Amino acid sequence: NIAYVSNEYGAFVQNSWKFQLGDDLLTIVTGLRAAFKSSNNQFVASPRIRLSYKPDWKTDALFRIAVGYYYQPPFFKEMVGPQGDFYPEMKAQEAIHYLVGGDVFLRMWDRPFKFSYDLYYKDLRKVIPYIVDNVKLQYFPNQTAHGFSTGLEFKLNGEFIKNTESWVSLAFLKTMEDIDGDNYGWIRRPTDQLVNFGLFVQDYLPWDETIKMFIAMNYGSSIPSNTPGDQRNNNYVLPLPSYQRMDIGISKALYNKENHESKPWIISNLWVGIEVLNVLDNYNYI
């Protein structure tokens, strides 16, 4: 039996400044998160800053830049190896995050839309290698690695159908790591999925807006998986097939407070619905 006792302390401070540059607006948000963990006797401080610029344009737009140095003190599951060996003195993971992105607020077909985009790069200076073992994350606390994650994300949401909220998203990702001292070089991280596409569309019956239907679709390209018993010190991975799924649902509004002002309930809205998940019966692997 092992007795594990750890005292953890944390604090966070944040402030923001707004500057009027003519008709434009510049917002600066800075923050600092500090933590101390007695089991590894480590004090860490994670500073971050975000700049947002809103120009006075006919089309509403917001541009943002952010950077931060992040420490992640280990959780209990990250200290336990595959054989049950325990590493209570493990130090925090650390990474530098860079982000450039923005939002554009549009009107198409005389309806509101919001288009968001983000380009990011994460310099993974020290991480704990892990694999996905069925539905469990198995960490290897006796190893350390360095790596990177970089990607580009787009999302458009708004009233594709009038008076309903829908969205479509597209994301690209590449993430690799190099385990220190194993001489195998760069390998794919378990979350290395190049393409991810999502779509969610709602509609309603033209003669009865209280009956709605939605379609949700998701596609994810191949991700790596490891052989059983892998110790995460080799480059032998098995790519899983792409993930494909479509769900549909239909719902009916039974009560709406706005339509029953004479007899208001304590409940403002009441809906009943049914959903069919993975309606195309795709065989997806984990």
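Source: prediction; values computed, not measured.

When the charged atoms of two side chains with opposite charge come close together, those side chains can pair. In this structure the tally under the stated criterion is 11 salt bridges. Of the charged contacts in the structure, one is a salt bridge between Lys-174 and Asp-192, with a shortest N-O distance of 3.2 Å. Taken together, the positions of Lys-174 in strand β10 (residues 166-179) and Asp-192 in the loop between β11 (186-188) and β12 (195-205) put the pair 18 residues apart, joining distant regions of the chain. Owing to a relative accessible area of 33%, Lys-174 belongs among the partly exposed residues under this scheme. We note a salt bridge from Asp-247 to Arg-245, for which the minimum N-O separation is 3.0 Å. Residue Asp-247 is classed as buried on the basis of its relative accessible area, which comes to 10%. Residue Arg-245 is classed as partly exposed on the basis of its relative accessible area, which comes to 30%. Among the charged side chains, a network of salt bridges with common partners joins Arg-64, Asp-103 and Asp-118.

Right, let's talk about the pairing of strand β4 (residues 61-72) for a bit. In this sheet, β4 lies alongside strand β3 (residues 42-54) in antiparallel orientation, the contact comprising 6 bridges. Residue pairing in the sheet places Arg-50 in a bridge with Ala-66 of β4. Counting the residues between successive antiparallel strands, the hairpin from β3 to β4 contains 6 residues. Looking at chain direction, β4 and strand β5 (residues 93-108) are connected through 12 bridges and run antiparallel. Bridging from a neighbouring strand, Leu-62 pairs with Asp-103 of β5.

Rules used throughout
- Residues numbered from 1 in each chain as written.
- Predicted model: local features only at pLDDT ≥ 70, side-chain atom pairs only at ≥ 80, totals over all residues.
- Heavy atoms only, no water.
- Salt bridge = Lys/Arg side-chain N within 4 Å of Asp/Glu carboxyl O.
- Helix = DSSP H or I, 4+ residues; strand = E, 2+ residues; numbered from the N terminus.
- Buried < 20%, exposed > 50% of the residue type's maximum accessible area, 1.4 Å probe, protein only.
- Pairing = 2+ DSSP bridges.

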